[in-house]
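So the chains spell out like this:
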Amino acid sequence: MSNLIYILNGPNLNLLGQREPEIYGAETLADVEAACAEVAQGFGLGIELMQSNHEGRLVDWIQDARGAAAGIIINPGAFTHTSVAILDALNAYEGPVLEVHVSNVHRREPFRHKSYVSLRADGVIAGFGTEGYALAMRRMGSLLA
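An account of the accompanying structure is given in this report. Just so we're clear, the structure is a prediction, and the values are computed from it rather than from any experiment.

### As for the packing of helix α2 (residues 29–42) against helix α5 (residues 131–144)
Then step 1. Running from N to C, α2 and α5 cross one another at 20 degrees; their axes reach a closest spacing of 9 Å. On the basis of their axis angle, the class for α2 and α5 is roughly parallel. As α2 packs across α5, the resulting crossing turns out to be right-handed. Contacts between α2 and α5 involve Val32, Cys36, Val39 and Ala40 on the former and, on the latter, Tyr133, Ala134, Met137 and Arg138.
Then step 2. Of the residues contributing to the contact of α2 with α5, the split by class is seven nonpolar, no polar and one charged.

### Digging into the sheet that holds strand β3 (residues 71–75)
Then step 1. Read from one edge of the open sheet, five strands run β2-β1-β3-β4-β5, paired in parallel fashion. The sheet is open, and its two borders are formed by β2 (46–51) and β5 (123–126), each paired with just one other strand. Pairwise comparison of adjacent strand axes, ignoring direction, gives a mean angle of 20 degrees for this sheet.
Then step 2. Note that β3 and strand β4 (residues 97–101) share three bridges and pair parallel.

Calculation notes
Each chain has its residues counted from 1, following the order in which its sequence is written. In keeping with the model being predicted, local features are shown solely for residues with a pLDDT of at least 70 and side-chain atom pairs are shown and tallied solely at 80 or more, while totals for entire chains, interfaces and linings include all residues. Side-chain metrics rest on all non-hydrogen atoms present in the structure, leaving aside hydrogens and water. Lines are fitted to the C-alpha atoms to define the axes, a helix being fitted only along its stretch in contact, and any angle between axes, read from their N-to-C directions, falls within 0 to 180 degrees. Working definition: helices are DSSP H or I runs of at least four residues, strands are E runs of at least two. Numbering for both runs from the N terminus. Convention used here: angles under 35 degrees read as roughly parallel, angles over 145 as roughly antiparallel, angles from 65 to 115 as roughly perpendicular, and any remaining angle as oblique. Working rule for handedness: look at the near helix, and if it is turned counterclockwise from the far one by less than a right angle, call the crossing left-handed; if clockwise, right-handed. A contact between two residues is defined here by any heavy atoms of the two lying within 4.5 Å. Only Asp, Glu, Lys and Arg are considered charged in this grouping, and only Ala, Val, Leu, Ile, Met, Phe, Trp, Tyr, Cys and Pro are considered nonpolar; every other residue, Gly among them, is considered polar. For two strands to be treated as a pair, DSSP must find no fewer than two bridges joining them.

Spelled out as structure tokens, the structure:
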């Protein structure tokens, strides 16, 4: 079995550290990758962090994970609330899936309270800033141990 974890990020997450820092903080996606790599190493796992602003690219990566990744950590960004295509791709994936949100989506606009991804996710972490990714990686390590 693969020891690789896909960390997938949706639209605008390439702007972490620049976009609305009062909501999303000052850390960048590179900071997230470094923190996750450190946690993953402790579990003997590898990571592949990817980001796209395009829904179809995320679907492609989820499909690729079927033969390549032991687990998926996903922050689908705005696609959380709109993408049945991402949900369908995740439903075709047999490994563990953890959903991450930097902000607490339940304290934000009502449209952000609905997550299609949560219908498939084995766990959801929201509102812990970018630290949520490292928390998800710890949980993934425990699930795969």
